[in-house]
Structure formats: C-alpha cells, structure tokens
Amino acid sequence: MSKVAVITGGAQGIGKGIAERLGTDGFKIVINDMNLDLANETVDEFKKKDIDAIAVKGDVSKQDDQFKTVSDAVEKFGSVDVFVNNAGIDQVEPLEEVTPENLEKIFNVNVFGTLYGIQAAAKQMKEQEDGGKIINACSIAGKTAFELLGAYSSTKFAVNGLTQAAAKELAQHKIKVNAYCPGIVGTSMWDRIDAKMVEYKNMEPGQAWEEQVKQIPLERSQTPEDVANLVSYLASSDSDYMTGQAINIDGGLEVH
Ligand SMILES: NC(=O)C1=CN([C@@H]2O[C@H](COP(=O)(O)OP(=O)(O)OC[C@H]3O[C@@H](n4cnc5c(N)ncnc54)[C@H](O)[C@@H]3O)[C@@H](O)[C@H]2O)C=CC1
Ligand SMILES: CC(=O)C(C)=O
C-alpha cells in the first residue's frame, strides 16, 4: 500500500515543491493550507501528473485544525507516514519595533503550529506499526539570526529546539523527527521580505534579494525543488537512522 504524506502550507512555494516531489516518489499527498482555493488548484495540477492528492483547509496555529488534517488524511488514505510541518510566515522589522501582537502572530504560526503538527502526527503515528517521520521547516535563520528578521529567526531557533526534543521523546515509538534549513528560496515569502527590507534599508526593489543571493557560494538562488530533494531523503527509508537533526540546504551560505 502507498504511504501517505501530509504537507502543511503545501499550496505554493516550498510546500508545493515538497508535495510534488513526495507525490512523484509514490506517496499519496494531503495538502493542508489556509488558502483552500490555491490548494485545490495545486491538487488539480498534481492530478494531471498522476499524483493522488487531496486538499484540506486548515490553520496550523489552531490545534484542532491540525488534528482534523490528520484525521481527514487517515479517513481518505488510511495512515499518515510523513507529516511535513512546512507552513510558516515572515515578518520584517527591527526588534525595537516588534509589537506584542506581531510577536504573538508569528509564534502562533511558526512555533505553536509546528508543535500542534507534531502532536497530531505523533498521536496517529504511535498507533502505526512502523511509526512515521515528522519533518519540520527550520531555516538557516534558525541557526544564525538575520537582521530585520529577528522575531522570525527566533521562531526558527524554537523549531530547532522542538525538533530535538520531539526526536528524543518519540524515538521509542519509531517516530523520527528532523528539520530542513533552506537558505534564500524564490517564493512569495521572499517577495514580501524584499519589499519590506528595501524600505528599511532605503534600497531599490529587488536589491535585498540580490544582496543575499550574491553571497551564495553556489552562485544561484534556491528553488523549492532544491529543498524537496532533501525532504525526499528525510521522508525515505534511507534516513531511517537519522533523528533530531536540522540540516542546512542553502548552496553553502552557512557553513558551520
Ligand atoms: N522562502 C525562503 O527563503 C525560506 C523559507 N523557509 C520556510 O519554509 C516554509 C515555506 O516557506 P515559503 O514556501 O517560502 O512560504 P510561502 O509564503 O511562499 O508559502 C507558505 C504557504 O503556507 C500557507 N500558510 C501560511 N500560514 C498558514 C497557516 N497558519 N496555516 C496553514 N497554511 C498557512 C500559505 O497560504 C502558503 O500557501 C516556511 O516555514 C518558511 O519559514 C525557510 C527558509 C527559507
Ligand atoms: C526566509 C528565510 O528563512 C531565509 C533564510 O531567507
């Protein structure tokens, strides 16, 4: 029987790239997103490529929505073998300007959302003979903070911590928990980051993006497919002995 992968925030960007790659790898795909219309468009696109997929509307910052996404996946396809906590939001501002409301919003999605995803996936995977794999979206900003992305970076440091703790707590149930740490990926997230950063830095549109990209040793920006190549490995049996790791995939931007 085919394995089943849930990808949160899978309607576009990195999540869509991961969903398409796992679908091509043979997984049945459940795309969670707040934007149901876009998620349905993505599913229609996948169906033309013979990927068996469904869309589920859900806000990852709501614990009940995360549990419902898992129960919908089980009802449709019978299991959840891989759960990718991909959904995340950005905020660009100096730390001195971060309001309590903004801080609450970004932690609710990026940190609480990831924890609720871990909880929902773990409950289901503990009932499965072979456990499963939980894969979280961290970032190179979760290892070295970026200026003007301070609140965002701190959420990704927290995702790294959740990944390590969940790996230790869930190993006994054959559940592996790892994270991917992309660099500078060309998605709508970076369109928004660039638009705000150039305002703060008094630069031309596109310049914040270009300044980051020119620092990448492999001399090109990253695509969702680059990230999906790593996630495909983390979702496969080839990574069965790996847990608790947050792995950079960034063209060499951060070398530790
Ligand atoms: N783009 C980049 O350069 C990098 C992105 N990342 C991380 O990768 C992940 C995906 O990023 P992108 O594809 O660039 O973002 P994106 O903004 O292009 O796409 C995010 C998707 O998540 C959905 N979403 C947002 N909030 C949601 C919520 N509360 N519940 C359900 N769905 C929600 C959106 O509707 C959208 O479809 C994020 O966690 C991000 O922090 C990490 C490193 C670099
Ligand atoms: C958005 C993000 O995480 C980076 C590193 O660009």
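Everything quoted here is computed from the prediction, not taken from an experiment. (Residues numbered from 1 in each chain as written. Chains lettered and ligands numbered in written order. Predicted model: local features only at pLDDT ≥ 70, side-chain atom pairs only at ≥ 80, totals over all residues. Heavy atoms only, no water.)

1. Points about the overall build of the protein
And then number 1: Across its full length, the protein holds 8 helices and 7 strands.
And then number 2: Here the protein has a C-alpha radius of gyration of 17 Å; the compact-globule value for 256 residues is 18 Å, and the two agree.
And then number 3: By residue count, 52% of the 256 residues in the protein fall in the buried class.
And then number 4: For the protein, contacts bridging at least 24 residues in sequence account for 71% of all contacts bridging at least 6. (Helix = DSSP H or I, 4+ residues; strand = E, 2+ residues; numbered from the N terminus. Rg over C-alpha atoms; globule rule 2.2 N^0.38 Å. Buried < 20%, exposed > 50% of the residue type's maximum accessible area, 1.4 Å probe, protein only. Contact = heavy atoms within 4.5 Å.)

2. Here's the deal with the packing of helix H1 (residues 13-24) against helix H8 (residues 224-235)
And then number 1: Contact geometry of H1 with H8 gives a least axis separation of 8 Å together with a crossing angle of 50°. Compared by their axis directions, H1 and H8 come out oblique. Crossing hand, H1 versus H8: right-handed. Only Pro224, Val227, Ala228, Asn229, Val231, Ser232 and Ala235 of H8 make contact with H1, whose side of the interface consists of Gly13, Ile14, Gly17, Ile18, Arg21 and Leu22. (Axes fitted to C-alpha atoms, helices over the stretch in contact; angles between N-to-C directions. Parallel < 35°, antiparallel > 145°, perpendicular 65-115°, else oblique. Left-handed = near helix turned anticlockwise from the far one by under 90°.)

3. Quick look at the packing of aromatic side chains
And then number 1: The tally for this structure, following the rule as stated, stands at 2 aromatic pairs.
And then number 2: With 6.3 Å between their ring centres and 90° between their planes, phenylalanine 112 and tyrosine 116 make a pair best called edge-to-face. Residue phenylalanine 112 and its partner tyrosine 116 are located together in helix H4 (residues 100-125), separated by 4 residues, close to a single helical turn.
And then number 3: You can call phenylalanine 112 partly exposed: its relative accessible area is 39%.
And then number 4: Residue tyrosine 116 is classed as buried on the basis of its relative accessible area, which comes to 17%. (Phe/Tyr/Trp six-rings, centres within 6.5 Å; stacked < 30°, edge-to-face > 60°.)

4. Focus: the sheet that holds strand E3 (residues 53-57)
And then number 1: Here 7 strands make up an open sheet; going across it, the order is E3-E2-E1-E4-E5-E6-E7 and the pairing parallel. Both outer strands of the open sheet, E3 and strand E7 (246-249), are each paired with one neighbouring strand and no more. Between one strand and the next, the sheet's axes are offset by a mean angle of 20°, whatever the strand orientation.
And then number 2: Here strand E1 (residues 4-8) runs beside strand E2 (residues 28-33); their pairing, made up of 5 bridges, is parallel. Across the sheet, valine 4 pairs through a bridge with lysine 28, a residue of E2.
And then number 3: Across the face of the sheet, H8 comes into contact with strand E4 (82-85), strand E5 (132-137), strand E6 (175-182) and E7 while running at roughly 165° to E6. (Pairing = 2+ DSSP bridges.)

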